[in-house]
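# Fold and contact review
Residue-level listing of the chains:
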Amino acid sequence: MLDLRRLRLLRELARRGTITAVAEALSYSPSAVSQQLAALEKETGARLLEPAGRRVRLTAQADLLVAHTELLLEEMERTQAALAQSLNETVGTLRVAAFQTAVLRLVPYALTQLAQQHPRLRVEVTELEPEVAHPALVAGEFDIVLGEEYPGHPLPRARETERRDLLTDELRLITPAVWSERSLPKLASRPFVMEPVGSTAREWATAACRQAGFEPDVRYTSTDLQIHLRLVENGLAAALLPDLSGAGDRHNVVSHPLHGRPRRQIFTTVRRGATRHPKVQAFTAALKAQQTPAGSDRV
């Protein structure tokens, strides 16, 4: 009988490339991962790994196992969902990973609704960017991820996951109330605050400025959109922010629509086979039950 946990480790090695990366992702020691993979070789009676310089690579037999492991894990998710559906109450722990503005503006209301409707459901929430959250979801660290996708910057979709679009969130130009400029093309000489280089939000915002005819003077960089708003409030910078950032609730700032009214997509992702799990369905329903934020549309 093959051990499903060891098969999962082999699958993670196929995805991540090194035993060290697998160990770091799953909070194991490298030696523990090696021992489990050695035990899996004994269970299968086949050589699964072979040296490749300082690394290892999977054999043809290992690749075959990984392909079947995907099916086994998906079927296990479906089995767990079916078992949970057979119960009279939604119970257990749901582990959620979500980006900052979702944690601030979407998740609290959903948690309140779940506490009333499913009091025995424990929800654990971690603020985490999608680039980190999705590999952790596949590895089993989370049950559902709230993610964001900016226009013109589609995210890769792992074959091990299923995605459901939740709502769209309008992106706007936010300026200090004391500034006279009211459109993006007129801000070529003004400073900006943006997210770090390499993030899709930064790439989208930079492209928006270039389309308006200038290279943005980015003087301030932060992943925290509340810092962006504080800088705008103090007259120090302009920002390009989604409605869920809460700019509409701030004093001393003005929100302006952008050309074409661009929107980012908010979505949920779960491991393939887990979509119908009652915990996932309850959380998704609570998110959809909220009032639509200004500028946002349900999907």
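Use the structure listed above.
These lines cover the structure that appears in this document, whether it is placed above or below. Everything quoted here is computed from the prediction, not taken from an experiment.

For the rest of this paragraph, the subject is the packing of helix α1 (residues 4-16) against helix α2 (residues 19-26). Running from N to C, α1 and α2 point in directions that differ by 115°, and their axes come no closer than 8 Å. For the pair α1 and α2, the crossing hand works out as right-handed. Where α1 approaches α2, its residues L9, E12, L13 and R16 are matched on the opposing element by I19, A21, V22, A25 and L26.

This brings us to the environment of G45. In this structure, G45 sits in the loop between α3 (30-44) and β1 (49-52). Relative accessible area serves as the criterion here: at 70%, G45 is assigned to the exposed category. When the C-alpha atoms of G45 and P151 are compared, they prove to be 49 Å apart, with 106 residues separating the residues in sequence.

Turning next to empty space enclosed by the protein. Considering all chains together, one arrives at two cavities of 30 Å³ or more under this definition. The computed volume of the largest cavity comes to approximately 100 Å³. Along the wall of the largest cavity there are 13 residues; nearest its centre are E195, A201, H228, L240 and L241. Those elements that place two or more of their residues in the lining of the largest cavity are β7 (191-194), α8 (200-211), α9 (225-233) and β9 (239-242). In terms of residue count, the dominant contributor to the lining of the largest cavity is α8 (four residues). Here the residues of the lining of the largest cavity are counted per class, giving 10 nonpolar, one polar and two charged. Reported here for the second largest cavity is a volume of approximately 70 Å³. Surrounding the second largest cavity, F99, Q100, T101, E129, E148, E195, T223, L225 and R264 form its lining.

How each quantity is defined
Residues numbered from 1 in each chain as written. Predicted model: local features only at pLDDT ≥ 70, side-chain atom pairs only at ≥ 80, totals over all residues. Heavy atoms only, no water. Axes fitted to C-alpha atoms, helices over the stretch in contact; angles between N-to-C directions. Helix = DSSP H or I, 4+ residues; strand = E, 2+ residues; numbered from the N terminus. Left-handed = near helix turned anticlockwise from the far one by under 90°. Contact = heavy atoms within 4.5 Å. Buried < 20%, exposed > 50% of the residue type's maximum accessible area, 1.4 Å probe, protein only. 1 Å grid on protein atoms, 1.4 Å probe; cavity = no way out; pocket = protein on both sides within 12 Å on 5 of 7 lines; lining within 4 Å. Points joined across faces, edges and corners; volume = space filled by probe spheres on them. Nonpolar A, V, L, I, M, F, W, Y, C, P; charged D, E, K, R; others polar.

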